Amino acid sequence: MIDRQIAEALQASGVELVVSLPCAMLSGILDEVDGLTIRRIPVCREEEGIGIAAGAALAGKNAVLIMQNSGLGNSLNALASLTCFYQLPLFLLMSHRGGRGEQISAQIPMGLAAPRLLDVVSIEHKPIKSRPDIKQLEFLIRHTYETGTVGAAFLSPELWHAER
Amino acid sequence: MLRGDIIREIARRDWLIVANIGYPCRELFAAADKPGNFYMLGSMGLASSLGLGLAVSQPGPVCVIEGDGSVLMNLGTLATIAHHAPANYCLVIVDNKVYGSTGNQPTCTAGLTDLAAIARGAGNKNVVRVTTPAELALALDKHTGLPAIIIADAEPGNENAPVIPLSAIEIKERFMAHVKKGF
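Residues numbered from 1 in each chain as written. Chains lettered and ligands numbered in written order. Predicted model: local features only at pLDDT ≥ 70, side-chain atom pairs only at ≥ 80, totals over all residues.

1. A short note on the overall build of chain B
Item 1. When you go through chain B residue by residue, the secondary structure sums to eight helices and eight strands.
Item 2. In terms of overall size, chain B behaves like a compact globule, its C-alpha atoms giving a radius of gyration of 15 Å where 183 residues would be expected to give roughly 16 Å.
Item 3. Oriented by its inertia axes, the alpha-carbon framework of chain B measures out at about 45 × 35 × 30 Å.
Item 4. For chain B, buried positions account for 52% of its 183 residues.
Item 5. Sequence-distant contacts, at least 24 apart, represent 69% of the contacts inside chain B between residues at least 6 apart. (Helix = DSSP H or I, 4+ residues; strand = E, 2+ residues; numbered from the N terminus. Rg over C-alpha atoms; globule rule 2.2 N^0.38 Å. Buried ≥ 20, exposed ≤ 12 C-beta atoms within 10 Å, placed from the backbone. Contact = placed C-beta atoms within 7 Å.)

Structural data, given as structure tokens:
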């Protein structure tokens, strides 16, 4: 249900292209996106997705990059020297790993660092923790495209707690 | 054949042209500055990806000028291109076997690495290696109908091309206006 709502929020906010890498937390969302009419291009590494999204933006298309927060580390140079430098719109939708209940210890360092890395490159970000936040996500994405800026949201594991 | 010869051959065509960071941008600007040129001034390695995003988002032909060093930085792009590039996509890799914008330090293609073999191994069906401007022209003109990867063998060497005087926003705005009117 949460996965479907997030996919529908992407569609309602005008997303035309999804570029993505997987995460165990994101797998349901990616399946739901594939059930919609939004084109999805899976990429091999996150910064490749930043490049593809920039090309789409240059043709006037609204793109979102779906990835794990760890992928932000692979994307920073591209975000700063391509997306932000040319003032191209892009939304980053990330699963936020490394918090309470995390089973994989290696997720902790980037889980802690990711929000602060976005602060350093002046990209606004919001946590999405509950079902009402998904409506806010829709507005955040739309705002990003309307203002030609870069925005980001971190999907918290608690979002799915009510369902499990 | 020098990179400049390859770029002049591409620039004769009325396509959207994406140029990689450094001298490829400068040489394209010097050869034929046009609104349909996108000069990617940073983000080394992503010209091929940016061009792919353009090719799937609008119908006009897109030609990307990459280098061996920049493609080696983003090899996954060759797999993504194999699976998702539409017929209006053409990637030209200037294979001069060095990092030409930083002082001609050798890349792995100076040694054992064969980018055409990697591109084919990634699943691309239409990969050709060219060694002269005439072969390049032929490969560029017959690519329509299939996405293409052209590996253009080149000698190292930069032209005396100045730094691009346009700002990133100027480059973007005129490029987007050009795409929007369907060029």
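On we go.
2. Overview of the sheet that holds strand 4 (residues 89–95) of chain B
One key point about sheets: their strands pair by backbone hydrogen bonds, in either a parallel or an antiparallel sense.
Residue and element names in this part refer to chain B.
Item 1. Ordered in space as 2-1-3-4-8-7, the six strands form an open sheet in which the pairing is parallel. Sheet topology places strand 2 (37–39) and strand 7 (127–130) at the edges, where each strand pairs with a single neighbour. Looking at each pair of strands side by side, their axes are set apart by 20° on average, direction ignored.
Item 2. Across six bridges, strand 4 lies against strand 8 (residues 148–153) in parallel orientation. Each residue of the ladder has a partner; that of Val94, found in strand 8, is Ala152.
Item 3. The strands touched by helix 2 (residues 23–32) within the sheet are strand 1 (16–19), strand 2, strand 3 (62–67) and strand 4, with strand 1 carrying the most contacts at an inclination of about 140°. (Pairing = 2+ DSSP bridges. Axes fitted to C-alpha atoms, helices over the stretch in contact; angles between N-to-C directions.)

3. Section: the pairing of strand 2 (residues 39–42) of chain A
Residues and elements named next belong to chain A.
Item 1. Examined bridge by bridge, strand 1 (residues 17–20) and strand 2 share four bridges and lie parallel to one another. The residue bridging Val18 from the neighbouring strand is Arg40, located in strand 2.
Item 2. Handedness of the strand 1-helix 2 (residues 27–34)-strand 2 crossover: right-handed. (Right-handed = clockwise from strand over helix to strand, strands pointing away.)

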